[in-house]
Amino acid sequence: MSFNAGSHAARHGDVAGVLRLLAFLVAAVALMLLDHRGGWLHALRTRAETAVQPLWWLASVPSRVGGSLREDAVTRAQLARDNERLRNATLVLAARNARLRTAAAENARLRALLGSAERGRLDVQLVSILGIDLDPTRQRLLLDAGSIAGVQTEQVVIDAGGLLGQVISTTPSTATVLLLTDPDHAVPVMVARSGVRLIVYGAGRSDALRLADVPLSADVREGDELLTSGLGGRFPPGFAVGKVGALRPDDSRAFLEAEVTPAAQLDRGSDVLLLRGYIPPIDVQANDVPTPAAPQATPPVSTPAPSVPATPEPTP
C-alpha cells in the first residue's frame, strides 16, 4: 500500500510540472503575440532597462577602474621614459653648448691676441700654455714650445692686454716663463701721462703688482697707466704693464707705494705671444731718421810764404 501511494504521488507531481510548463509556454506565446501586434511590451522593456541602468553602471565600475589604472600605469611609465630621454638630451645639449661657448671665448682671445700683434706691428709667435704655477713664492708658465721652435731665453712674453713676463729657460720642446707677479721680478716702467720713470715689482699674486719707492713729489696719480720704459734693454718700451691703485706712504714715510692692477690676464687664457721683433711705427721711423746737414764751404786757409834769406850784395 505504501509503495502504491508513493507512486501515485510521484505521478501527480509529474503531471503538475508538465501542466506548469504548458502554462508557461502558453503565456510566453501569448506575450510574444501581444508584443508583436501591440508593441506595449517594448515600452515596458525600455522602462525596465532605464531602471536597471544604474545597476549596470555600478557593475562596470571595477572594470573601468582597472582599465584606468592600467592606462595610468602605462602612461606613467611612458612619461618616465620620455622624461629620462629628454633629460639626457638636455645634458648633451648643455655640454655641447658649454663647449661652443668655450670655443667662442677662446676664438675671441686668439683674435684679440693676433689683433694686438697686428696693431703693434709685432713679429710674434703664438704658443700654447701647458701649465701654470701661481704659488705665492713662484709664479711661472710652462709653454708648449722650446728651442726647436726657436724660443730663446730672455724672450719677452705678452698677451692681448700687455706684458706677461720673460722666458728664463728652455728645453727642446718646452719653455719656462717668469711672470711679472713673481716676487723676484722687477720691470722698469714709466707713467704714460707724465713720463715719470719707476720700477714695478712682483707681489706673489696673480691679480696685483707692487709699485714702491715713489718720490713724494713724483707726478703719479691713482689710475695712471704704466708702460715699459725700455731701460735696461730687457723689455721693449711701450708695452702696457698695469694701472696704479691708491697711493699711500710706505713704512719710512719718505716714499709712496701702491698696488698695480696687471694689464695682462695672468691667470686665464690658453695661449700667449712670444715677441720676436719690434718694428717702430712708420711715422716714428720717419721722425727718427736724421736729416743730413748740407755741406758747409771750407774757408780758404792762408799759407804763409816761406821766408827766403836775403842774399848779401857783392862787395865791389
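Notes on the structure in this doc start here.

Reading the values: the criteria
- Residues numbered from 1 in each chain as written.
- Predicted model: local features only at pLDDT ≥ 70, side-chain atom pairs only at ≥ 80, totals over all residues.
- Heavy atoms only, no water.
- Helix = DSSP H or I, 4+ residues; strand = E, 2+ residues; numbered from the N terminus.
- Buried < 20%, exposed > 50% of the residue type's maximum accessible area, 1.4 Å probe, protein only.
- Contact = heavy atoms within 4.5 Å.
- Polar contact = N/O pair within 3.5 Å; in protein donor to acceptor, adjacent residues only side chain to side chain.
- Pairing = 2+ DSSP bridges.
- Core = buried A, V, L, I, M, F, W, Y, C linked by side-chain atoms within 4.5 Å.

Now for the overall build of the protein chain. Looking only at helices and strands, the protein chain features three helices and 13 strands. Relative to its 316 residues, the protein chain shows a buried fraction of 25%. Put simply, of all contacts in the protein chain between residues at least 6 apart along the chain, 55% involve residues at least 24 apart.

So, on to the environment of Arg234. Its place among the elements puts Arg234 in the loop between strand S9 (225-228) and strand S10 (240-244). Take Arg234: its relative accessible area is 39%, and that puts it in the partly exposed class. Note: C-alpha distance between Arg234 and Glu154 (80 residues apart in sequence) is 7.4 Å. In this structure Arg234 touches Glu154, Val156 and Gln166, once residues within four positions along its chain are discounted. At 3.0 Å, the side chain of Arg234 forms a polar contact with the side chain of Gln166.

Attention now moves to the pairing of strand S2 (residues 138-143). Alignment of strand S1 (residues 122-135) against S2, held across six bridges, turns out to be antiparallel. Note that in S2 the partner of Leu134 across the bridge is Gln139. What sits between the antiparallel neighbours S1 and S2 is a turn of two residues. The pairing of S2 with strand S5 (residues 175-179) spans four bridges and is classified as antiparallel. In the strand pairing of S5, Leu142 is matched with Thr176.

Counting 26 residues, the largest nonpolar core has Leu163, Leu198 and Leu226 as the members making the most contacts within it. Every element with two or more residues in this core is listed here: S1, strand S3 (156-158), strand S6 (186-191), strand S7 (197-205), strand S8 (208-215), S10, strand S12 (255-262) and strand S13 (271-278). With near-sequence residues (within four places) excluded, Leu226 lies in contact with Val189, Met190, Val191, Val200, Phe239, Ala240, Val241, Gly242, Val244 and Val260.

One non-glycine residue with positive phi stands out, namely Glu154, at about 70 degrees. By the secondary structure assignment, Glu154 is in the loop between S2 and S3. Taking the relative accessible area as the measure of exposure, Glu154 reaches 47% and is therefore partly exposed. The backbone phi angle of Asp213 is positive, close to 55 degrees, even though this residue is not glycine.

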